[in-house]
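Tertiary structure, described
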Amino acid sequence: MKLPITDQFLLSVLNLIQKVDSAYDPFSPRTMKEALSPELFKLRRELGRKKDWKNFSQLIYHLKRKGYIRIKNLEHKQGVILTRKGAEKALRVQWKMKEKQKRKDGKWQMVIFDIPENKKVLREILRGALQVLGYQRLQDSVWVSPYDVAKETEVVIRNHGIDPYVKVFLIEEVEI
């Protein structure tokens, strides 16, 4: 089964983490009691791992329940696969965390759209994406941004196939 590159990456990371965790011990004994009684140290470490594994399992369960990931059996092992919804969520988080640069020329980017009522879901998706990208709403279908987010805006428009309904302008000034 051929996996997309993101899924291959996630599976590789999970396998690497499991191998490193079992082979490398970053937590050497910290007290004299632990050094003198290695069995106690191993037991404490194993309980800590189980607790971490429980937290990790709860995170995986939550992500699966929300529809962000799927669990599949790949080559006799379980693997985590990112769903489309998960990829979109990751992109939104990435855009939110990305430091937005204001345009050097002082111009603003304006997006005007008129998406038909039968494509209302796409209209709401566009509004959410524009908000994440740092746009401000002038009207329901007119949004402006002082940031240099032209490429990201184009990606959102093209990925959702709403090119015929959207116009993007570069403007000198805006009164908000």
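The structure we're discussing is the one just above.
Right, let's get into the overall build of the protein. For the protein, the helix and strand inventory stands at six helices and six strands. Mapped from its N terminus to its C terminus, the protein presents α and β elements in the order α-α-α-β-β-α-β-α-β-β-α-β. The burial tally for the protein puts 26% of its 176 residues in the buried class.

Summed over all chains, the structure comprises eight salt bridges. With a closest N to O distance of 3.2 Å, arginine 123 and glutamate 117 form a salt bridge. Judged by its relative accessible area of 11%, arginine 123 falls in the buried class. The exposed category is assigned to glutamate 117, whose relative accessible area is 55%. Among the salt bridges present, the one from glutamate 154 reaches arginine 158, with a minimum N-O distance of 2.4 Å. With a gap of four residues between them, glutamate 154 and arginine 158 both fall in helix 6 (residues 150–159), about one helical turn apart. For glutamate 154, a relative accessible area of 39% translates into the label partly exposed.

Another aspect to go through is the sheet that holds strand 6 (residues 166–171). Strand order in the open sheet made by the four strands is 4-5-3-6, with antiparallel pairing throughout. Because the sheet does not close on itself, it has two edges, and the strands there are strand 4 (136–139) and strand 6. Sheet twist, expressed as the average angle between the axes of neighbouring strands with direction ignored, equals 25 degrees. Sheet topology note: the strand 4/strand 5 (residues 142–145) ladder contains three bridges and is antiparallel. Bridge pairing in strand 5 links arginine 137 to tryptophan 143.

Attention now moves to a nonpolar patch on the surface. On the surface, Trp53, Phe56 and Leu59 cluster together into a nonpolar patch covering about 300 Å² of accessible area. Note on placement: phenylalanine 56 falls in helix 3 (residues 38–66). Since its relative accessible area comes to 30%, phenylalanine 56 is described here as partly exposed.

What follows deals with helix 6. For helix 6, the full list of buried residues reads Glu152, Thr153, Val156 and Ile157. In a view along the axis of helix 6, the buried residues occupy a sector of 135 degrees, so they form one face of it. Opposite the packed face of helix 6, turned more than 90 degrees from it, sit the exposed residues Lys151, Arg158 and Asn159. Within two residues after helix 6, glycine 161 carries a phi angle of roughly 65 degrees, on the positive side.

Here is what the cut-offs are and how they apply
Residues numbered from 1 in each chain as written. Predicted model: local features only at pLDDT ≥ 70, side-chain atom pairs only at ≥ 80, totals over all residues. Heavy atoms only, no water. Helix = DSSP H or I, 4+ residues; strand = E, 2+ residues; numbered from the N terminus. Buried < 20%, exposed > 50% of the residue type's maximum accessible area, 1.4 Å probe, protein only. Salt bridge = Lys/Arg side-chain N within 4 Å of Asp/Glu carboxyl O. Pairing = 2+ DSSP bridges. Axes fitted to C-alpha atoms, helices over the stretch in contact; angles between N-to-C directions. Patch = residues over 30% accessible without salt bridge, like charges linked within 9 Å, V, L, I, M, F, W, Y side chains within 5 Å. Areas by Shrake-Rupley, 256 points an atom, 1.4 Å probe, with all protein chains shown as cover. Arc of directions from axis to C-beta.

Any functional reading would require information that these geometric values do not contain.
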